[in-house]
Structure formats: C-alpha cells, structure tokens
Amino acid sequence: MATLVNGSATADWPGRYFHIDQILDKPGPRTDPGFAAGAEAPFLRDQAKILVIGAGGLGCEILANLALTGFKHIHVIDMDTIDISNLNRQFLFRSKDVGKSKAIVAADFIMQRVPGVEVTPYFGKIQDKGDDYYMQFNLVICGLDSVEARRWINATLVNLVDPENPESLKPLIDGGTEGFKGQARVILPTITSCYECSLDMLNKQTAFPICTIANTPRLPEHCIEWASVLEWPRVHGDKKMDTDDPEHISWLYKTAASRAKEFNIEGVTWSLTQGVVKNIIPAIASTNAIIAAACCNEAFKIATSSAAYLNNYFMLIGTDGIYSYTFEHEKRADCPVCGGESLDFPISMEVTVEELIDMLIEKQDIQIKKPSLSTPTRQIYLQAPPQLEQATRPNLEKKVSELVPGGGEVTVTASTLPFSLSLNIIYN
Amino acid sequence: MSQETQDIETATTAMTSEAPPDSRTRRYDRQLRLWAATGQAALESAHLLVLSSTATSTSILKNLVLPGVGTFTVLDDAIVTPADAGNNFFLEGPDSIGKPRAQEAVRLLGELNEGVQGHADVKSVEQLLTAGKGELFKYTLVIAHNLPRSQLERLSQLLWEDEDAPSLVVVRSAGFLAEFFIQQHEHTIIESHSETAPSLRIDKPFPALLQYTQSLDLDALDPTDHGHVPYVILLVSAMERWKKEHNGLVPQSYPEKKAFKELVSSMKRKLDEENFEEAEAQAYRSWTETKVPSEVAELFSDPKLQNLNASSPPFFHLLAALKAFTAHPPYTLPLTSTLPDMKASTDAYIGLQKLYKDQAELEKGTFKSYISPEVQIGDDIIDSFVKNAHALKVIRGSSWNSIDKDATALANAVTASPKQLAIHLALSAASSLASKTPIPLQGEILVLTIEALTQEAQSLLPPETELPEEFEDTAGEIARSPTADLPNTAALLGGLVAQEVIKMITKQYIPISGVCTVDLIETWTGIL
Ligand SMILES: [Zn+2]
C-alpha cells in the first residue's frame, strides 16, 4: 500500500526544503521571540497532525499547499463525489475520476505526487465523527461551501475547549470563496471571534415570495421557482427532486419555459434553471488558490511560530482591481456558541409562537432552520419526535406572552446544530 | 432590428439553451457564469509565454490551464534541482531531478486540461531577448517571475517600444513578500461588470413612458391592480404632479424631497402597499438628474478619439458614436433595456419592460447611425457596448519601471503608502543586487544584508527622500529569505496573477492599475 512506503519520513532528499528552511533557519525582524530557529521543522514534519474539511475547490488547493510546506500527517473529510463541473478548478481530479469520492481521489493524488506525505481520507460527513476524533488534531482547516457544516465544526471545536487542557484548543482556519471574492480567517475557539459571531456578515440569499411565484411572475427565476417549488410536488407527489439528475432539470426547464411563454417572460434557459434550483455559486481556480494559500500560510505560521498569524480576518474582492481588507472581527458577547450571555430578543405582546419561529429563521444573525423552543419549565414547540411535535403543535397559535413572562428565557435548539441559543424575551 | 432577424436570433438562442449542455459547457459551467461564452472564447484563443518554471510560475499557469487558456509556452533552460522538486507541485519529486524543468512542468500542467496546448522551450531568456521582437510578438501576454533586473529591463523595453506588443506581467517574490505589475499600453473594457445600475430615466421619462403613465388613471384601478403598479410608473406620475405645482422643477432642497416622498406616500390606498414602499425608497431616482456619468464623459477627451481612422480599434469608434449620441437631447447615454425586478403584476411589469425594450431599440438605432460608415462592427459588440455604456473603462498603463523613475510619485508614496513602498523597494533592491557581480554566495544561498539592501533602495529613491520607516523590517525579511519561493506565497501569487491575466484577456472586470504588493506575515495586499 502506498501509505506504508510514503509514510516514512526518509523520503526526504537533501535540499528538499531549501526554500522553506530559509524561513525556519532564522527569525525575521517581526518574528515572535518564542520561535526556535532551526528547531521548528521536527514538529511540523514529524508530529503535527492537521485536518482538512472539504476536498473540493479549496480543499484540493489546501492539500497540495500543506503537503509542499512539510505537513506529513494530513486527514481529509468530504462526503461528495466528483462531478464534471468540478474539473475547471479541483485540480487533483481528472475526467476518469467523475463519480468517485473526492476525499479518496485527492488523498491518493497527493501521496502520489508529494513523497512521504500521509493523507488519510474519510468519505463521509463531519457529523459522523465525535470529540475523540477531533481531539487528535493540532489544527483544523475548513474549505467548505456549506454554512451549516461550518457552524457545526465551529461549535464542536468551541465545545471541545477544556481550560485545564491547553491541547484541547484547536485553531480553526476557515476559507470561503464566491466568484472573484473570498475570505480567510483564523479562529481560536473561545479566545477570538468564532464563525457564529460573524453570521450576520453572510450575504442574504435571494428568496422569492411564494405569492409572487404563484400569482405574479415577472422574472425567469420566478418561473423556475414555480416549477421546482410548486409544480414538482404537485405532479410528482412524494418523489424527491434530484438536482443532479439531468432528466429532472430537463423537466423543470420545460415546465418553467412553458409558464414563461404563457406570461410573455423571456430568459428561461437550461443553464439558468440549473443555476436557480441548485443555487449554483460561480467558482474559479484563481480565487480558490488565493484563499487556500492564505489559509495554509496561517497554518504554517501557527505550526512553526515563524511569523505572527492573522488576527483574525482577511477578505478579498477581485472584481475591480484587487481590494483586500485585513481586520480583527470582534467576539460577540451574546454569541450562542462562544459568548455565554443570552441574546436580548424584543418582540410585541401580540407575536405568536409561529411568528417567533419565522423571525428566528429569518434573522440574519440566527438563521436556524427548524428551531425547537422551550423554557426552563415547559416545552413550547418541538420539531421532533412526532409525538412531541403533535403535543406541542397547539402552542404555535398561542401568543408568546401567554407562555413566557417578560424577561423570561427561551432556549432554542435545532437538530442540525450542536448548540442551543438562549433568548431573553423582552416585550415592547 | 427587423422582425426576421429577431426571429433568427430567438431561434438560435432556443437551440443553444433548450438542450442539456455538452460536456465542455458542463466542465466550464462555474466560470461561464462569470465571464460567459465571449470571455471563454477570448481565453481559448490566447497564447501565453511564461519565463521560468518556478513554483510561482507553475502556480500561475495552473490557474490559467484549468479554465482553458488556449496555448501556453514555458521558456526555461533550467534543469530540475532537489530544491525545485521540493517546492513545485508540477514536478514529480525526486523523479524529476536532473530533467529539463520546462518539459517536466509542461507535461504535468498539461494533464490538468486536455483542451489546452502546452509547449516547453528550453532556450534561455538571453536567447529569447537576442531573437528579438518577432519571437515575442506571437504571444498575447508575457509573464516573468523573478527575472534578474538587467534582463527584465531589456524585455520590458522591447515590449514597451511597440504599442501592439503583448502586455508584460512582472512578478517578484521572496519569502513572505511579493509584488507584481502589469505593463500595458492601453486596455479598454466594455463589460466591467459594474455594480452600479444604469439610469431608468425616471427624471426624464421618454415619450412612451410618459404617455403610458398619463393614460393610467390610478384612482380608477381596483385595489389589487393599485397595489401592483410598478414603482417606476408611480414615481413618474408623482413627479408630473409635483412639477405642475412647482414651476416644472424637481424637488431641490431636503424639505422638498421629504415633501415629495410624502406625496408618493399620500397616493397609497392602503398602508401596506409594497409598490408604494418601493417608490418611496427609490424616490431619489426621480430627482437625480440622468446625465452622462463623469467617468464616461472623461473618456470623450481620449486622445484616440482625435485621430480616429479605419484601423482604430472598434472600441474607439463606438466611443465616438457614444459621444455624438450624448451631444443630442436628452443628453444621456442610450437607454438600457434591462429593468430591475419590482413589485408589480405580471402584465404591468411585462408591459413596462416592453416600453423600455422598444425605446432602447430605438435609441440603439440612433446610436448606430453615429458609427463611422468606414468600420464594420458586429451587432453583438454594439449591443454589449450600449448595454454597458454607463460603466465603460479605458486604462492607460505605463512601462514596468515608470514608478521608479517618477520622483514625485515615490516621494508621495513614502507618506501615503509606506508599507507597500517598502515591499516594492526591498524587492527591487534585492533584484538589482542579485544582478550585480560579484554575487556573494554562501553555499547555495544568496546573502543579502539589510545594510546592502538599504543602500541599494536608497539609491532607487530621488535624492533627499528618506526610506519609509517600515523599510528596515521589510529588508530584514528579504535578508532572511532572499531566494525562498515558498509554496504558499507561490500559490497565493498564482491566484492573484492568473486572475488579473484572465481579466486582461477576456477584457471583462477591471484589472489592477499600479503595483500590487503582498505581505503574508501580516496577511494583506495593497496597491502602490
Ligand atoms: Zn462566537
């Protein structure tokens, strides 16, 4: 097996680290006094164990950079398989790999190309793994396109911190891109601002009101949403729509196109249909390269102390020249993950439980999809299991003020998030 | 446009948009959403020359081969060293040591995309420079990483002498620090992908829009229709009323503007009519005068317009036509046909959209009549030009070392951008020292002292200008790692440079003007 041969550090050849050793052999003017010139390499090359979450656009770049800078023990998790539309940027994959696991193909490629590096893939979800698994790493780098997965790993690493055990603090380096824009940040769980602290910085997704889709379509997007949200379930019943199935996209396209024709709306195309139903975000190799390099550079600096690391946020916009902004994102005292204080939540006396739930879904700094609510003394509404959902359903129509006193606390949980949010209800 | 041509156009669009895309389109889907088929075609017909196959060079190329640049040539006479095999992903570790570096790199880069042609040229830069212009002019663009200063000066001069020569991207890096610069004569952009929306001309409604608004009796509408009149119509209607009561003038002062918004609000029948809320929010559009944006008006004095002839680039012929168009009433740019979404019934919206489309088509016809009859310009280019007229760009570049010769600019930069200047000076000083003889060598490592770098940098500045305070730390970093091509720095530069090259080739989005400097210790980029 390749890992046995490659796993040995003897694969190093004289001169291999000529470039990197210039940095490791002596300090720079701004290097921290804690840096031990000439003695940092063994930790980096023999001991450091790093986890890469995502083997897609950012992940492929991250794996290559880490391997070249001298990390020898890399783990990578990704639940996806390779699609042809990945090949314009995910450079560890070839046409013959379409349909295979990203994590496995990427790991094999890196081990093949960079001798002596051991990459351990896991083809599955991050949620499959528990605290023991995450505890084994010194660093975690995320190259994900899912907000939910990032919230999960962020909360998991914050929860992992045990003040008695310094090893339990795992720096989390997070990168993200969209077209020509991207950001990289360093999160020291419990110490710096975390992913959840900055949730309100996310772009709000365009959501089309159902009444527009159903009654007054104006844009091609409205027709496509009509086809996927209203017509698909009406025609196909319980059959699940698979946005990766060309037959399904074709059906949606034809349905949307005929509605567009009926309303004299122009511009429904196959490509737009696919873009809308899959919520496709443009992605290119260059932006991913920039952001992944920024992330890996932070990992290298943290692992070697060769230079100060980013405090704590770097954002880049490349559409008009190159604009970047490096700043310290502040911790939120009422962050549900790292803050400790409960979040003040002013509502009117008239608001019903159902309306409160809608507000929680909508609010930019909360964004909880299927929240369950309770107070210290009673369950207000639970999404699951079915018996409890049924038992608490009558509360949906009740006013919150009938169930919670002013200044009272409401705990919000969701099965997708490994933390709970504590609201301090204030009536106005 | 005649009915017949429209039908052909609709038919072709239908053909290409109905069927599931072919495998090439599927491969490039995520980037086609950024630069479309036109950008992709430009990319695929480009031929790039890259001097050297260092880690930085191959990182740049990787990000151009993946999106499908047509052809690339790597010119490099080096043989792979153990150090190369350690920091370059496009070499196969120890297996590549001793082989020609260009050939190894081209072979491995080629595996990324079957649609791309790669050539390895094992000539030296010296041979290329001796061969002269003929050899260089077949390329679309030339990229040079860490070229010794003496060679860079000759290359830059060869490519600067001739206005039609390929642009040159000069890339330098050492350790955590880097910079790059694009030497170009002129770069014109139609599709700048500006986020500024073009005017809807609510303040100067065109006849059909005004007529339609006047014919609509808001009070006679049933409640549903009343809540679905597009805000454009509401604003035009409110402004007509306002002008009648204010000597034909739009609101001038803040209290007047507030009063106008109240007028709009008073036209509501119910408190929660969303179309009226939109009208209030967009009210500024009805008193902001639609004029030719100043950035576009500035282009009308471009020297290229003075000496226009049949061989001038189409862009300038179109710009001349635009200038002529704006010299006539209503003294605006041609109307855009794209209407943003707004609360409205389908019929009201589609009807309004048709008004805009028809007027835009009419004005495009007028615009076309101003285009010099001695040139033939395709309809698709004209369409795109008119659609993007509010955000056209012309970049007049400069030669690679122009900043180093500009005493005032350097003196200003000492106070305005000291950190960026420090990086530029330190890398320039390192490059000059490296091309001076004898080079002090200790083992394989080039030894550069902070003192030598300081002295050299000082000599690059005009007399009596002090180095920025930040210089010492920056020089210290260069002295620490004068020849380090770090994988992360290489990868980051690879992304930045490739992205600018894509903007140059596709003529979409806006490339940098000036020197882009990068500090990966503090993690920032900045333009000098
Ligand atoms: Zn937090």
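Fair warning: this is a prediction, and the values are worked out from it, not measured in the lab.

## Side note on helix H3 (residues 55–65) of chain B
Here H3(B) lies mainly inside the structure; 11 of its 11 residues are buried. Regarding H3(B), the residues found buried are B:Ala55, B:Thr56, B:Ser57, B:Thr58, B:Ser59, B:Ile60, B:Leu61, B:Lys62, B:Asn63, B:Leu64 and B:Val65.

## Brief notes about the UniProt feature "domain: E2 binding" (unreviewed entry) in chain A
In this numbering, the UniProt entry assigns the feature "domain: E2 binding" (unreviewed entry) to residues 345–428 of chain A. Helix makes up 25% of residues 345–428 of chain A and strand 25%, and the two end C-alpha atoms of the span are 10 Å apart.

## Section: the UniProt feature "active site" (unreviewed entry) in chain A
Residues and elements named next belong to chain A. The sites that UniProt annotates as "active site" (unreviewed entry) are Cys211. Position of Cys211 relative to the elements: it lies in helix H8 (residues 210–215). For Cys211, a relative accessible area of 41% corresponds to the partly exposed category.

## Description of the interface of chain A and chain B
Across the contact, 86 residues belong to chain A and 88 residues belong to chain B. Here chain A and chain B share an interface that buries about 7,300 Å² over both sides, 59% of which is from carbon and sulfur atoms. Ranking the residues of chain A by area buried against chain B places A:Arg30, A:Arg113 and A:Arg218 at the top, with a combined share of 12%. The interface formed by chain A and chain B includes seven salt bridges. Here the element with the most residues in the side of chain A that touches chain B is helix H12 (residues 285–304) of chain A; it accounts for 12 residues. The residue makeup of the side of chain A that touches chain B, split by class, is 43 nonpolar, 29 polar and 14 charged.

## Some remarks on the coordination of the zinc ion
When a metal holds four donors in a tetrahedron, each ideal angle between them is 109.5 degrees; when it holds six in an octahedron, the ideal angles are 90 or 180 degrees. Taken together, A:Cys194 (SG), A:Cys197 (SG), A:Cys335 (SG) and A:Cys338 (SG) make up the full set of protein donors to the zinc ion, lying 2.2 to 2.3 Å away. For the zinc ion, the four donor atoms in the first shell make angles of 98 to 120° at the metal, a pattern classed as tetrahedral.

## So, the pattern of salt bridges
Pairing is possible between side chains that carry opposite charge, provided their charged atoms lie close to one another. Residue and element names in this part refer to chain B. With the rule as written, the count across this model stands at 51 salt bridges over all chains. Arg149 is the partner of Glu153 in a salt bridge, and the nearest nitrogen-oxygen pair spans 3.3 Å. With Glu153 and Arg149 both in helix H8 (residues 149–161) and four residues apart, the pair spans about one turn of that helix. Note that Glu522 is salt-bridged to Lys419, the shortest N-O span being 3.5 Å. Of the two residues, Glu522 sits in the loop between strand S11 (515–519) and strand S12 (524–527) while Lys419 sits in helix H22 (residues 418–435), which places them 103 residues apart along the sequence. By relative accessible area, which is 36% here, Glu522 ends up partly exposed. Because the salt bridges share partners, they merge into one network encompassing Glu163, Glu186, Asp302, Lys304 and Arg396.

## A few points about the sheet that holds strand S1 (residues 47–51) of chain B
All names here are of chain B. Taken together, eight strands build an open sheet; the order of strands is S3-S2-S1-S4-S5-S6-S11-S12 and the sheet is mixed. For this open sheet the edge positions go to strand S3 (117–121) and S12, each flanked by a neighbour on one side alone. On average, each strand axis in the sheet is inclined to that of its neighbour by 15°, with strand direction left out of account. Where S1 meets strand S4 (residues 141–145), four bridges bridge the pair, whose relative direction is parallel. Looking across to S4, one finds that Leu48 is bridged to Leu141.

## Looking at the domain arrangement of chain A
If you check the domain split of chain A, you get domain 1 (18–203 + 283–327), domain 2 (210–278) and domain 3 (343–427). One C-alpha centre belongs to domain 1 of chain A, the other to domain 2 of chain A; they are set 37 Å apart.

## Observations concerning the UniProt feature "domain: THIF-type NAD/FAD binding fold" (unreviewed entry) in chain B
The positions UniProt marks with the feature "domain: THIF-type NAD/FAD binding fold" (unreviewed entry) are residues 28–127 of chain B. Helix makes up 47% of residues 28–127 of chain B and strand makes up 15%, while its end C-alpha atoms are separated by 37 Å.

## Looking at the packing of H12(A) against helix H25 (residues 487–506) of chain B
Between H12(A) and H25(B), whose axes approach to 8 Å, the crossing angle comes to 160°. When the axes of H12(A) and H25(B) are compared, the pair comes out roughly antiparallel. Considering the relative orientation of H12(A) and H25(B), their crossing is left-handed. The segment H12(A) lies against H25(B), with A:Ser286, A:Thr287, A:Ala289, A:Ile290, A:Ala293, A:Ala294, A:Cys296, A:Asn297 and A:Phe300 engaging B:Asn488, B:Ala491, B:Leu492, B:Gly495, B:Leu496, B:Ala498, B:Gln499 and B:Ile502.

## Considerations on the packing of helix H17 (residues 314–326) of chain B against helix H18 (residues 346–369) of chain B
Residues and elements named next belong to chain B. Where H17 meets H18, the closest approach of the two axes is 8 Å, and the angle between their N-to-C directions is 115°. Here H18 runs roughly perpendicular to H17, going by the angle between their axes. Once H17 is placed against H18, the crossing between them reads as right-handed. Facing Leu318, Ala321, Leu322 and Phe325 of H17, the residues of H18 in contact are Glu363, Thr366 and Phe367.

## Quick look at a negative patch on the surface
Residue and element names in this part refer to chain A. Residues Glu354, Glu355, Asp358 and Glu397 make up a contiguous surface patch of negative charge. Note on placement: Asp358 falls in helix H13 (residues 353–362). For Asp358, a relative accessible area of 44% puts it in the partly exposed group.

## Remarks on the packing of aromatic side chains
A full pass over the atoms with the stated rule returns 17 aromatic pairs over all chains. Note on B:Phe206 and B:Tyr356: the rings are 5.2 Å apart at their centroids and 90° apart in plane angle, and the pair reads as edge-to-face. One end of the pair, B:Phe206, is in the loop between strand S7 (186–189) and helix H9 (207–215); the other, B:Tyr356, is in helix H18, and 150 residues separate them in sequence. Of the two residues examined, B:Phe206 and B:Tyr356, each falls in the buried class. On the basis of an interplanar angle of 75° and a centroid distance of 5.8 Å, the ring pair of B:Phe315 and B:Phe385 is categorised as edge-to-face. One end of the pair, B:Phe315, is in helix H17; the other, B:Phe385, is in helix H19 (residues 379–387), and 70 residues separate them in sequence. Summarising the burial analysis for this pair, B:Phe315 and B:Phe385 share the class buried. An aromatic cluster of three or more residues is present, and its members are A:Phe91, A:Phe109, B:Phe89 and B:Phe90. Directly above the ring of A:Phe35 sits B:Arg480, whose terminal nitrogen or CZ lies 5.6 Å from the centroid.

## Considering the nonpolar core
As a rule of thumb, nonpolar side chains are buried together in soluble globular proteins. Membership of the largest hydrophobic core comes to 110 residues, with the highest contact counts inside it found for A:Leu66, A:Phe71, A:Leu92, B:Phe89 and B:Phe180. If one sorts the elements of this core by residue count, H12(A) sits on top with 11 residues. Aside from chain neighbours lying at most four places away, what touches A:Phe71 is A:Leu44, A:Ala48, A:Ile50, A:Leu66, A:Val117, A:Leu139, A:Ala299, A:Phe300 and A:Ala303. Core analysis: the second largest hydrophobic core is formed by 52 residues, A:Leu157, A:Val353, A:Ile368 and A:Phe419 among them.

Thresholds, definitions, all that
Residues numbered from 1 in each chain as written. Chains lettered and ligands numbered in written order. Predicted model: local features only at pLDDT ≥ 70, side-chain atom pairs only at ≥ 80, totals over all residues. Heavy atoms only, no water. Buried < 20%, exposed > 50% of the residue type's maximum accessible area, 1.4 Å probe, protein only. Helix = DSSP H or I, 4+ residues; strand = E, 2+ residues; numbered from the N terminus. UniProt positions renumbered as here; feature names shortened; annotations may be inferred. Contact = heavy atoms within 4.5 Å. Buried area = accessible area lost by both parts, 1.4 Å probe. Salt bridge = Lys/Arg side-chain N within 4 Å of Asp/Glu carboxyl O. Nonpolar A, V, L, I, M, F, W, Y, C, P; charged D, E, K, R; others polar. Donors = N, O, S within 2.8 Å, 3.2 Å for Na, K, Ca; no water. Tetrahedral: all angles 85-135°; square planar, octahedral: opposite > 155°, others 65-115°. Pairing = 2+ DSSP bridges. Axes fitted to C-alpha atoms, helices over the stretch in contact; angles between N-to-C directions. Domains from an automatic or database assignment. Parallel < 35°, antiparallel > 145°, perpendicular 65-115°, else oblique. Left-handed = near helix turned anticlockwise from the far one by under 90°. Patch = residues over 30% accessible without salt bridge, like charges linked within 9 Å, V, L, I, M, F, W, Y side chains within 5 Å. Areas by Shrake-Rupley, 256 points an atom, 1.4 Å probe, with all protein chains shown as cover. Lys, Arg positive; Asp, Glu negative; His and termini not counted. Charge placed at Lys NZ, Arg CZ, Asp CG, Glu CD. Phe/Tyr/Trp six-rings, centres within 6.5 Å; stacked < 30°, edge-to-face > 60°. Lys NZ or Arg CZ within 6 Å of the ring centre and 35° of its normal. Core = buried A, V, L, I, M, F, W, Y, C linked by side-chain atoms within 4.5 Å.

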